[in-house]
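Working through the structure, step by step
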Amino acid sequence: MDVKASWFIEYESVADMKFVLEDKDVMKGKWLHIGSGSNLLFKGDYEGVILHSAIRGYEVVDENAQEIEVKVGAGEVWDDFVAYTVKNGWYGAENLSLIPGEVGASAVQNIGAYGVEAKDLIVSVDAMEVATGRMRKFTKEECCFGYRDSVFKKELKGKYIVAYVTYRLKKLPSFNLEYGNVRQELGKRGDKLTLENVRKVIMAMREAKLPDPKVQGNAGSFFMNPIIPRERFEELRGLYPEMPHYEVDNDRVKIPAAWMIDRCGWKGRQVGRVGVHSRQALVLVNCGGAIGDEVMALASQIQESVFQQFGIAISPEVNYI
Ligand code: EPU
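Just so we're clear, the structure is a prediction, and the values are computed from it rather than from any experiment.

Taken together, 24 residues are adjacent to the ligand, and Tyr-114, Tyr-147, Asn-225, Asp-262 and Lys-267 come closest. With respect to the ligand, the side chain of Tyr-147 contributes an N or O atom lying 2.7 Å from an oxygen atom. Within the side chain of Asp-262, a nitrogen or oxygen atom sits 2.7 Å from a nitrogen atom of the ligand. Its free accessible area being 820 Å², the ligand has 82% of it covered by the protein chains. For the shell around the ligand, the secondary-structure elements that each account for two or more residues are β7 (112–113), α6 (195–209), β12 (218–221) and α8 (257–263). Element by element, the count of residues in the shell around the ligand is highest for α8, at three residues. Within the shell around the ligand, the residues separate by chemical class into 13 nonpolar, five polar and six charged.

Before going further, it helps to examine the nonpolar core. By size, the foremost hydrophobic cluster in this structure holds 43 residues, and its most contacted members are Trp-78, Val-125, Tyr-167 and Leu-169. Those elements giving two or more residues to this core turn out to be β6 (67–73), α3 (78–87), α4 (103–109), β9 (122–129), β11 (160–170), α5 (182–188) and α6. Residues Ala-219, Phe-223, Ile-228 and Val-318 belong to the second largest nonpolar core, which totals 34 residues.

What counts, and where the lines are drawn
- Per chain, the residues get numbers from 1 upward, laid out in the order the sequence is written.
- pLDDT decides what is reported in this predicted model: residues at 70 or higher carry local features, side-chain atom pairs at 80 or more are listed and counted, and totals for whole chains, interfaces and linings draw on all residues regardless.
- Excluded from the side-chain calculation are hydrogens and water; included are all heavy atoms of the structure.
- What makes a residue near a molecule or strand is one non-hydrogen atom of that residue sitting within 4 Å of it.
- Counting of polar contacts relies on pairs of N or O atoms within 3.5 Å, with two restrictions inside protein: one atom must be capable of donating a hydrogen and the other of accepting it, and residues adjacent in sequence are counted only when both atoms are side-chain atoms.
- To be clear on the numbers: accessible area is Shrake-Rupley with a 1.4 Å probe, and residue cover counts the displayed protein chains and nothing else.
- Here a strand is any run of E in DSSP of at least two residues, a helix any run of H or I of at least four, and the numbering for each starts at the N terminus.
- For this classification, Asp, Glu, Lys and Arg are treated as charged, while Ala, Val, Leu, Ile, Met, Phe, Trp, Tyr, Cys and Pro are nonpolar and the rest, including Gly, are polar.
- Here, the term nonpolar core denotes a set of buried Ala, Val, Leu, Ile, Met, Phe, Trp, Tyr and Cys residues that are joined through side-chain atoms within 4.5 Å.
- Note on exposure labels: buried denotes an accessible area under 20% of the residue type's maximum, exposed denotes more than 50%, and partly exposed covers the range between, all computed with a 1.4 Å probe on protein chains only.

This is the structure we're talking about:
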């Protein structure tokens, strides 16, 4: 989206973050802290201050024969961190290869792909309280992670800014290959089971389905996969025996929104300057020159038709600003 902010402020250290947050002139009006903006949809120009972290660096903070803990600056590019873990032979982050965005947002959004979520790796999050400039270490439990969710998006929204995230990786081989066709893809390529090869397969799978935001405007999955009561799923399964689903717990299952959107006939459709990606129905794309309103209008039409056909409400993963 071709949008502008009144101000853009980037800081490189915790001390500088405090300095910015204590500046009454900067913080008196509207402000928004972003990562790389990969999950945001701006309705128009932002009449306020955009804050961005450029706190960088990797620091090994703990280590034993089995595991290693690395504290990472919120401003590091997420996939650079994944590449770093793979290069060092540490297991755990490889399924999250190529997710756009930065380390700070990995904790806010609890990013996930191919059966792994950031919460599976996170030990703690160091964040600054906006009101006081005080640093606080959140344990993983205090982060209240859920599916694409955390305390930083809910109760503490706008109250804390992430400065560092500490992740725990494994030193001994441990893979997650059971989601979708990760294992089959690896087999098809005849590749040996190594960290590098799993990263390569994940990257190839993403590149085959998901448009590169640097080439075509998109925010990855536009909607979250809805979690519905098991009874409701059993009813729907009567009507749609082929309906894919993922187990959540005894009472609930997660239904792929992409499958429902696809079944409603949206995949590959273009409406004016926006459209539904032709290889992954969960991704809305800017076909050139689109504005936020057009994307939101398409999103509502899709939500309506999924609700009409399946009686399931789907909600955006993308944040409207
Ligand atoms: N499907 C369709 N039509 C499509 C696409 C998918 O019927 O156009 C079906 C597939 O056949 C499959 C199911 O829907 O049975 C799920 O598809 P897929 O495995 O591609 O994943 P997803 O549920 O659509 C989620 C995440 C992605 C993540 C992938 C892989 C959410 C909202 N999205 O998508 O995350 O990369 O799984 O793990 O949970 C993101 O959050 O931005 C994101 C890209």
